[in-house]
Amino acid sequence: MMHRAARMEDWLHEHREHSARRRGYQPTVIPYTGYGSTAWVRILCRVLLTKTEKPAKRQKRPRADGRDAGIRGWRSFTSVPVNDVTVTIEIDGQTHRVQADRGGVVDTVVPVSLPAGWHTARLHTEVSNVVEAPIFIVAPTVGFGIVSDVDDTVMVTTLPRPLLAAWNTFVLDEHARVPTPGMAVFLERLASFTPGAPVIYLSTGAWNVAPTLSRFLSRNLYPAGALLLTDWGPTHDRWFRSGSAHKRDNLRRLAEQFPQMRWILIGDDGQHDEAIYSDFQRDYPGSVAAVAIRQLSPSEAVLAGGRSRDAVLIEGGPEGPWVYGPDGSSLSNQLAEHGLL
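Cut-offs and rules
Per chain, the residues get numbers from 1 upward, laid out in the order the sequence is written. Per-residue local features are limited, in this predicted model, to residues with pLDDT of at least 70; the limit for side-chain atom pairs, both in listing and counting, is 80 or more; totals at the level of whole chains, interfaces and linings are taken over all residues. Where side-chain values are given, they derive from all heavy atoms of the structure, hydrogens and water being excluded. We call a set of buried residues a nonpolar core when its members are Ala, Val, Leu, Ile, Met, Phe, Trp, Tyr or Cys and they connect through side-chain atoms within 4.5 Å of each other. Think of it in three bands: with a 1.4 Å probe and only protein chains considered, a residue is buried below 20% of the maximum accessible area for its type, exposed above 50%, and partly exposed in between. In this analysis, two residues are considered to be in contact whenever any of their non-hydrogen atoms come within 4.5 Å of each other. Put simply, DSSP marks the helices as runs of H or I at least four residues long and the strands as runs of E at least two long, and each gets a number from the N terminus on. The pLDDT value expresses, per residue, how confident the predictor is, ranging between 0 and 100. Comment: axis = line fitted to C-alpha atoms, over the contacting stretch for helices; angle = value between 0 and 180 degrees taken between N-to-C directions. Oblique is the label for any angle not under 35 degrees, not over 145, and not in the 65 to 115 range, which are roughly parallel, roughly antiparallel and roughly perpendicular in turn. Two helices cross in a left-handed way if the nearer one is turned anticlockwise from the farther one by less than a right angle. They cross in a right-handed way if the turn is clockwise. Basically, the charged four are Asp, Glu, Lys and Arg, the nonpolar ten are Ala, Val, Leu, Ile, Met, Phe, Trp, Tyr, Cys and Pro, and anything else, Gly included, counts as polar. Under the pairing criterion, centres of Phe, Tyr and Trp rings, with the six-membered ring standing for Trp, must be within 6.5 Å; the plane angle then separates stacked pairs below 30 degrees from edge-to-face pairs above 60, leaving the rest tilted. What the arc covers is the set of directions going from the helix axis to the C-beta atoms. Two strands qualify as a pair provided DSSP detects at least 2 bridges between them.

On to the nonpolar core, then. Side chains of a nonpolar character, in soluble globular proteins, are inclined to be buried together. Counting 59 residues, the largest nonpolar core has F186, Y222, W263 and L265 as its most contacted members. Setting aside its immediate chain neighbours within four residues, F186 contacts I266, A292, G328, L331, S332, L335 and L341. Judged by nonpolar contacts, the second largest core, of 25 residues, contains V41, C45, V106 and I137.

Right, here's the structure in full:
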């Protein structure tokens, strides 16, 4: 039986959707970057009810400083998810129809034959405009992939951990977020080390902030890749979603989707990344090429509630060295010593 909190959330979404439709809000598909192999693709998007822009606003010239793109995170939460709507996926001349979940999220795998490289999927509902989602296809010969955490790994946060999610989500836009020194160059070097390597940004952040995070990564010259986020609110059987379970499930899924791949895992020592990566290395021997952990500064560690005290069961070894450093440059130099750069 569905958890009481989930039933309450569904009731709230139903009433918000009914109210938004009466006010003229229309379904909009928000596309996210997907990935796949030469035989399948993972499509990611979300369907929301959004206010139709007035013609005068659409014709307004964008500001030269690009601030039009800097939408504060809280605005993404004023949109209403569309429950169980049908989304049409058009890719490589094929059409697939799938159902969004109770939060409006589509996370599905469809069979398709595509060559390696970047491609585009066209997404729409019966009444929405067509949008394009970039898809990165990994060649079967590619042997390395990259998985990176986001908060405190590719961007610096300077708030107590209990306030971090709310502040980043509801207040800051991508212009106010600070990239971790040297990390963009580090990830770009890793991506260039093996041409065609997939880059996956795995975070416990909500799908609502995916557009903001995508703009942040692009502005700060991080390599393009898929964002694997989660949804806020209760699940079928619990009050809150587990961020650790989200990361573990997606790592397991990547290992099973790309059994030939060895992953370079990047995180920080302020959360549970060390334990999560250690368990993954134990459960999937040979799937980890290296683990790079960014060490938080003393002040960052205090704000994060201290350094992780999770037990690391597997650390080091010839098949998966672990390196630690305060920034991207330090991590890069250490991995170069192991022949991975």
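What follows concerns helix α8 (residues 273-283). The buried fraction of α8 is high, at 9 of 11 residues. All of the buried residues in α8 are D273, E274, A275, I276, Y277, S278, D279, F280 and Q281.

When pLDDT is averaged along the protein, the result is 80, and 70% of the positions lie at 70 or above. In the predicted structure, residues 234-239 sits below a pLDDT of 50 and forms 20 contacts with residues beyond four places in sequence or in another chain. Ignoring residues within four places in sequence, the model shows residues 313-318, a span with pLDDT below 50, making 12 contacts including any to other chains.

Between helix α5 (residues 183-193) and helix α10 (residues 328-337), the least distance of the axes is 7 Å, while the angle of their chain directions is 30 degrees. Compared by their axis directions, α5 and α10 come out roughly parallel. In terms of crossing hand, the pair formed by α5 and α10 is left-handed. Where α5 approaches α10, its residues M183, F186, R189 and L190 are matched on the opposing element by G328, L331, S332 and L335. When its residues are assigned to classes, the contact of α5 with α10 shows 5 nonpolar, 2 polar and 1 charged.

Below, the discussion takes up the packing of aromatic side chains. The full count for this structure, using the stated rule, is 9 aromatic pairs. When the centroid spacing of 5.5 Å and the interplanar angle of 45 degrees are considered together, the rings of W40 and F258 count as tilted. In this pair, W40 is assigned in strand β2 (residues 40-50) and F258 in the loop between α7 (243-257) and β14 (262-268), connecting sequence segments 218 residues apart. Of the two residues, W40 and F258, both sit in the buried class. Judged by centre distance (5.3 Å) and plane angle (35 degrees), the rings of F280 and Y284 are tilted. According to the relative accessible area criterion, F280 is buried, its value standing at 4%. Among the aromatic residues, ring-to-ring pairing joins Y35, W40, F258 and W263 into one connected group.

Moving on: α5. Burial in α5 covers these residues: M183, A184, F186, L187, L190 and A191. Projected down its long axis, α5 shows its buried positions confined to an angular sector of 160 degrees, all on one face. Lining the buried residues of α5 we find β9 (144-148), β12 (199-206), β14, β15 (288-294) and α10.

What follows is about the environment of R189. Counting through the fold element by element, R189 comes out in helix α5. Spatially, the C-alpha atoms of R189 and P223 are 9.3 Å apart, while their sequence positions differ by 34 residues. Setting aside anything within four residues of it in sequence, one finds R189 in contact with S332 and L341.

Moving on, we get to the sheet that holds strand β16 (residues 322-325). One open sheet accounts for 6 strands, arranged β13-β12-β9-β14-β15-β16; its pairing is parallel. The two strands at the open ends of the sheet, each matched to only one other strand, are β13 (226-230) and β16. Sheet twist, expressed as the mean angle between neighbouring strand axes with direction ignored, is 20 degrees. Inspection of the sheet shows β12 paired to β13 by 4 bridges, in the parallel sense. Its bridge partner lying in β13, L202 is registered against L228. This element, α8, spans β9, β14, β15 and β16 of the sheet and lies at about 165 degrees to β14. Across the face of the sheet, α10 comes into contact with β14, β15 and β16 while running at roughly 150 degrees to β16.

Packing of α7 against α8 brings their axes to within 10 Å, and their N-to-C directions diverge by 30 degrees. On the basis of the axis angle, α7 is roughly parallel to α8. Crossing geometry of α7 relative to α8 is assigned as right-handed. On α8, the residues that touch S244, K247, R248, L251, R252 and A255 of α7 are D273, A275, I276, Y277, D279 and F280. Split into classes, the residues belonging to the contact of α7 with α8 amount to 6 nonpolar, 1 polar and 5 charged.

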